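Coordinate inspection notes
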Amino acid sequence: MTRGISMDGVSLPVTDATISYTKEPIAESSIFDKGNEVIYEGLYKNIQGTFSGAVRESLIADLLEDILADEPATHTIIVADDTTSGLTATNAYLSMLEISARTGELAKFTAQFTAQSISNGGAVEFASFTSDVVPFYDVSPGFGAKAISIKIERPYAADDFVLVESNKQMVRTSKYISDMRQMKISGTITLSQNVPFAGFTDTGIMTFYFGNIILMAANPKFITGKEMSISGRSPVTKTLSWTCSSLASNVS
């Protein structure tokens, strides 16, 4: 057993992981003293976490398929420390996946999840880091890009708290977790300094290659922002922001 994160019993080869929640206490005030004399246990809220690391083909393919699925899968996610004392999130869904790449560096990803309930405990096995990583990327059409990012957001709501017959049976977590059906796909392209902004218009299909993973965005709109940064005689940084319809993405 070791520190790390697992999803459905499979340890993930990542470099960072977090898990957290908040509990809103119930305070009872009286007319006798300073107020809030008695505090009761409240509701579990904001059960969520993140994990990030290098892009590995098998892992990123599974994550992309999951977050883009018509009916996404529910997961049990454990984050544990060196003493196998962790936290276990159940009925969890991926709510965000961002992939970024820069020439000469490993392609990286960050994922976020939202869960219905959480409990103490949980252990994680050693993860295997032997599979190939993706050090470079390619994008088509060739924009003269030196860095890119792709972000898929799929928010979930876990605020369906209900009353029960007996206080002894009080459920302090959301009864359901709901897909908000508000997926958003966006990204950025950092250009070589000699590539002009003027040549960028809405394009038919933009394709990103991460090893054998192909992610296509149909009819991306370069309308969400342009940024140019100058510092002394250093290379000029030019960044385009884009978005596309949630129905216009495809992974193969």
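The structure this text deals with has already been given above.
What this report covers is the structure whose coordinates are included nearby. (Residues numbered from 1 in each chain as written. Predicted model: local features only at pLDDT ≥ 70, side-chain atom pairs only at ≥ 80, totals over all residues. Heavy atoms only, no water.)

1. Section: helix H1 (residues 57–68)
Taking 1.5 Å of rise per residue, 12 residues should cover 16 Å, and H1 covers 16 Å from first to last C-alpha, within 8% of that figure. Of the positions making up H1, those classed as buried are Leu59, Ile60, Leu63, Leu64, Asp66 and Ile67. Buried residues of H1, seen end-on, are gathered within an arc of 165 degrees and therefore sit on one face of the element. (Helix = DSSP H or I, 4+ residues; strand = E, 2+ residues; numbered from the N terminus. Expected span 1.5 Å × (residues − 1). Buried < 20%, exposed > 50% of the residue type's maximum accessible area, 1.4 Å probe, protein only. Arc of directions from axis to C-beta.)

2. Considerations on the sheet that holds strand S14 (residues 213–218)
Taken in spatial order, the four strands line up as S8-S13-S14-S17 in an open sheet, and their pairing is antiparallel. Edge strands, defined here as strands with exactly one partner in the open sheet, are strand S8 (138–140) and strand S17 (249–251). With direction set aside, neighbouring strand axes in the sheet form an average angle of 15 degrees. Relative to S14, strand S13 (residues 205–210) runs antiparallel, the two sharing six bridges. Across the sheet, Ile205 pairs through a bridge with Ala218, a residue of S14. Those strands touched by H1 are S13, S14 and S17, and its axis lies near 35 degrees from that of S14. (Pairing = 2+ DSSP bridges. Axes fitted to C-alpha atoms, helices over the stretch in contact; angles between N-to-C directions. Contact = heavy atoms within 4.5 Å.)

3. What to know about the pairing of strand S9 (residues 145–153)
Each regular strand carries side chains that alternate between the two faces of the sheet. Here seven bridges tie strand S6 (residues 87–102) to S9, and the two strands are oriented antiparallel to one another. Among the inter-strand pairings, Met96 is bridged to a residue of S9, identified as Glu153. The sheet contact formed by S9 and strand S12 (residues 184–191) spans eight bridges and is antiparallel. Bridging across to S12, Glu153 finds its partner in Lys184.

4. Remarks on the side chain of Thr88
For Thr88, the location among the structural elements is in strand S6. A distance of 2.8 Å separates the side chain of Thr88 from the backbone oxygen of Gly121, its partner in a polar contact. (Polar contact = N/O pair within 3.5 Å; in protein donor to acceptor, adjacent residues only side chain to side chain.)

5. Details of the nonpolar core
Core analysis: the biggest nonpolar cluster contains 52 residues, and Phe51, Phe109, Phe210 and Trp242 have the highest contact counts within it. Top element by residues in this core is S6. It accounts for seven residues. (Core = buried A, V, L, I, M, F, W, Y, C linked by side-chain atoms within 4.5 Å.)

6. Remarks on a nonpolar patch on the surface
On the surface, Ile26, Val38 and Tyr40 cluster together to form a nonpolar patch covering roughly 250 Å² of accessible area. Inspection of the secondary structure puts Ile26 in strand S3 (residues 16–28). Taking the relative accessible area as the measure of exposure, Ile26 reaches 43% and is therefore partly exposed. (Patch = residues over 30% accessible without salt bridge, like charges linked within 9 Å, V, L, I, M, F, W, Y side chains within 5 Å. Areas by Shrake-Rupley, 256 points an atom, 1.4 Å probe, with all protein chains shown as cover. Salt bridge = Lys/Arg side-chain N within 4 Å of Asp/Glu carboxyl O.)

Coordinates in, geometry out; function isn't part of it.
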